[in-house]
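# Architecture and fold: a report
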Amino acid sequence: QVQLVESGGGLVQAGGSLRLSCAASGRTFSTHAMGWFRQAPGKEREFVAGITWRGGLTTYSDSVKGRFTISRDNAKNTLYLQMNSLKPEDTAAYYCAARDSSYPSTRERDYGYWGQGTQVTVSS
């Protein structure tokens, strides 16, 4: 089992920045690929970013590429999502997820462990 707890969400103006954190406990965090997903009201959950277990490879959705950066600190069992140049369309609940694999996936069903989510609201 891996327990995940997100933090760092909030209200920010368009063009601003936020950094989300995801604290992991339980099974060895460093052996899992990790991902960030988001879900806006009335929409399906979508992939945002993923990172390999060592952090050497990252992948992003086209909608956030160049603005968001995913990273991890395995010594601290923590995953991060640095979000810059935020837009109103980035407003959503953001979830971190862990996968029993070295490599991330863009598919929600490939992740077995999920946090409870943290809300990000971007005002125009």
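Data block above holds the structure.
Described in the following lines is the structure provided in the data block. None of these values were measured; they are calculated from a predicted model.

Another point: the nonpolar core. Ranked by internal contacts, the top residues of the largest apolar core, which has 29 residues, are L4, W36, L79, L81, M83 and Y94. Mapped onto this core, the elements with two or more residues apiece are strand 1 (2-7), strand 3 (18-26), strand 4 (33-39), strand 5 (46-51), strand 7 (68-73), strand 8 (78-83), strand 9 (92-99) and strand 11 (118-123). Non-local contacts of L81, meaning those with residues more than four positions away in its chain, are made with L18, R19, L20, W36, V48, A49, F68, T69, I70 and Y94.

What holds strands together in a sheet is hydrogen bonding between their backbones, with the strands either parallel or antiparallel. Strand order in the open sheet made by the four strands is 1-3-8-7, with antiparallel pairing throughout. Each edge of the open sheet carries a strand with a single partner, namely strand 1 and strand 7. Averaged over all neighbouring strand pairs, the angle between strand axes comes to 15°, with direction disregarded. As judged from the six bridges shared by strand 7 and strand 8, these two strands associate in the antiparallel manner. Bridge pairing links R72 to L79 in strand 8.

Turning to the pairing of strand 3, a few remarks are in order. Where strand 1 lies against strand 3, six bridges are found, and the strand directions are antiparallel. Within strand 3, the position partnered with V2 by the bridge is G26. Relative to strand 8, strand 3 runs antiparallel, the two being bridged by six bridges. For L20, the partnering residue across the bridge sits in strand 8 and is L81.

Time to look at the state of the cysteines. Taken as a whole, this structure holds one disulfide when the rule is applied. The disulfide partner of C22 is C96, and the gap between their sulfur atoms is 2.0 Å. Disulfide C22-C96: the torsion about the S-S bond is 55°, which places it as right-handed. Here C22 is found in strand 3, whereas its partner C96 is found in strand 9, with 74 residues between them in sequence.

Rules behind the numbers
- Residues numbered from 1 in each chain as written.
- Predicted model: local features only at pLDDT ≥ 70, side-chain atom pairs only at ≥ 80, totals over all residues.
- Heavy atoms only, no water.
- Core = buried A, V, L, I, M, F, W, Y, C linked by side-chain atoms within 4.5 Å.
- Buried < 20%, exposed > 50% of the residue type's maximum accessible area, 1.4 Å probe, protein only.
- Helix = DSSP H or I, 4+ residues; strand = E, 2+ residues; numbered from the N terminus.
- Contact = heavy atoms within 4.5 Å.
- Pairing = 2+ DSSP bridges.
- Axes fitted to C-alpha atoms, helices over the stretch in contact; angles between N-to-C directions.
- Disulfide = S-S within 2.5 Å.

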